[in-house]
Amino acid sequence: MAHFLLRLALAVVCLLAGEGALARNAAGEEIGVIVHGHTHGFFRGLERGMRKAADDLGVRLLVRSLSERAIMDNPDNLHLRIIDYMLSQKVAGIVMAPETLKGVDTPVSLPVPLVLVDRDGPQYDARSTVSTDNFAAGRAAALSLASVLAKGANVMVLRLRPDVPSTLQREEGFISVAVEKGWNVVGDPFVGNRFRETEEYIARLLQGHGGKLDAVFAPNESVAFGAVRVVGAMAPQSRPRLATIDWRPEFRQALEDGTLSASVLQDNESMGYRAVAVAVAASRGKDVPVRVSVDFAVITRANMNEPALQRMSVNYELP
């Protein structure tokens, strides 16, 4: 009798364990995703690509969204607190655009695969980084102006922040072409990424040069938005050429009226899709590339109606 009860108990344990495994399998893998809010069209398109990949690959996403203001104002390594929460929820992997850490030992290693998206993160021990070749994108923005700027042209680089690797690389890419072409970089100030304050700062900077600038470069969506508005408000004869990276709906009119000379479009939806796909592959024990480079394209008034460029621009304009 005792042996029978023992066998019965073991059978119940095995049955419950099997039911638990079936429940977990039915629920599917979950990938943690940390995105930067929905103020920027870039991140909206990025998240759309991530959700599409999750649907295609049969996984769930645990998404936590941060505003740029929360990231800048919070000194307590907000990303690490969110990562701890995601690990407590047993995610199989994490995808995020990293922020600079303060006062912690680095590189930070996680017990699940970490995939960085949009930018490098040397403070993290990541399995892969999925991004645009940001240095090349900055060079492409500068080269879009090469036919209209002579040697000795005065150009200004509107930098974002000193702690964002992606925009630093874009800025350095632009400057590398400026040096090659013999342009004078008359200023490269950090202008921040708070839309209203950034626009006001850009206005003061450009007004301070009294129409003596030949070109301006803006390395991301928020800086580009401010630059387009400031340059568009200037008298046509005193406007500098403007090259940017990223997109907003207003930029189409700016291309048409000549306020904006060119913008580099990132394939944000593809970037998000591929980042989740890499995280899922890594979570399933597969080898993944250390770096995945995502294509970009330069949009101008001459090619703005090409279908491929329209698709890439629409990815920034998702509701």
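Since we're looking at a predicted model, the values are computed, not measured.

Points about unusual backbone geometry
Leaving glycine out, the prevailing phi sign among residues is negative, and the prevailing peptide bond configuration is trans. Cis geometry marks the peptide bond from threonine 106 to proline 107, where omega comes out at 5 degrees. Structurally, proline 107 can be placed in the loop between β3 (93-96) and β4 (114-117). The phi angle at aspartate 246 is positive, at roughly 85 degrees, despite the residue not being glycine. Here aspartate 246 shows up in the loop between β9 (241-245) and α9 (251-256). We classify aspartate 246 as buried; its relative accessible area is 3%.

Here's the deal with the packing of aromatic side chains
For any pair of aromatic rings, geometry is given as the distance between the ring centres together with the angle between the planes. In this structure the tally under the stated criterion is 6 aromatic pairs. Ring centres 5.8 Å apart and planes at 80 degrees place the aromatic pair tryptophan 247 and phenylalanine 251 in the edge-to-face group. A relative accessible area of 0% places phenylalanine 251 in the buried class. Of the aromatic side chains, those joined through ring pairs into one cluster are Phe42, Phe43 and Tyr316.

Some details on the pattern of salt bridges
Considering all chains together, one arrives at 19 salt bridges under this definition. Of the charged contacts, one joins arginine 161 and glutamate 99 as a salt bridge, the two residues approaching to 2.9 Å between their closest N and O atoms. Pair noted here: arginine 161 is in the loop between β6 (154-157) and α6 (165-181) and glutamate 99 is in the loop between β3 and β4, with a separation of 62 residues, a long-range link. Here arginine 161 matches glutamate 99 in class, with each residue buried. We note a salt bridge from glutamate 180 to arginine 139, for which the minimum N-O separation is 3.0 Å. With glutamate 180 in helix α6 and arginine 139 in helix α5 (residues 134-143), this residue pair connects regions lying 41 residues apart in the sequence. On the basis of relative accessible area, glutamate 180 is assigned to the exposed category, the value being 52%. Salt bridges here are not isolated pairs; linked through shared partners, they connect Glu99, Asp118, Arg119, Arg161, Asp163 and Arg170.

Some remarks on the side chain of glutamate 30
With respect to the secondary-structure elements, glutamate 30 resides in strand β1 (residues 30-35). Looking at glutamate 30, its side chain comes within polar contact range of the side chain of arginine 60, at 3.2 Å. When near neighbours in sequence (up to four residues on either side) are disregarded, glutamate 30 contacts Arg60, Leu61, Leu62, Gln89, Val91, Ala92 and Gly93.

Overview of the pairing of strand β5 (residues 128-132)
With 5 of 5 residues buried, β5 lies mostly within the body of the structure. Where β4 and β5 come together, 3 bridges link them in parallel fashion. Among the inter-strand pairings, leucine 116 is bridged to a residue of β5, identified as threonine 129. With 4 bridges joining them, β5 and strand β11 (residues 291-294) adopt parallel strand pairing.

Structural notes on the pairing of strand β10 (residues 262-266)
The buried count for β10 comes to 5 of 5 residues, which makes it a mostly enclosed element. Alternating positions in β10 separate into two faces, Ala262, Val264 and Gln266 on one and Ser263 and Leu265 on the other, with burial throughout. Bridge count for β9 against β10 is 3 bridges, and the pairing is parallel. When the bridges of β10 are listed, threonine 244 appears paired with serine 263. Crossover β9 to β10 through α9 is right-handed. In this sheet, strand β12 (residues 296-299) lies alongside β10 in antiparallel orientation, the contact comprising 4 bridges. Within the sheet, the bridge partner assigned to valine 264 lies in β12 and is valine 298.

Side note on the environment of glutamate 317
Along the chain, the position of glutamate 317 falls in the segment after α11 (307-314). Judged by its relative accessible area of 32%, glutamate 317 is partly exposed. Spatially, the C-alpha atom of glutamate 317 lies 8.5 Å from that of phenylalanine 42, the residues being 275 residues apart in sequence. The contact partners of glutamate 317, leaving out residues within four places of it in the chain, are Arg44, Trp247 and Pro249. A distance of 2.8 Å separates the side chain of glutamate 317 from the side chain of tryptophan 247, its partner in a polar contact.

Cut-off values and rules
Residues numbered from 1 in each chain as written. Predicted model: local features only at pLDDT ≥ 70, side-chain atom pairs only at ≥ 80, totals over all residues. Heavy atoms only, no water. Helix = DSSP H or I, 4+ residues; strand = E, 2+ residues; numbered from the N terminus. Buried < 20%, exposed > 50% of the residue type's maximum accessible area, 1.4 Å probe, protein only. Phe/Tyr/Trp six-rings, centres within 6.5 Å; stacked < 30°, edge-to-face > 60°. Salt bridge = Lys/Arg side-chain N within 4 Å of Asp/Glu carboxyl O. Polar contact = N/O pair within 3.5 Å; in protein donor to acceptor, adjacent residues only side chain to side chain. Contact = heavy atoms within 4.5 Å. Pairing = 2+ DSSP bridges. Right-handed = clockwise from strand over helix to strand, strands pointing away.

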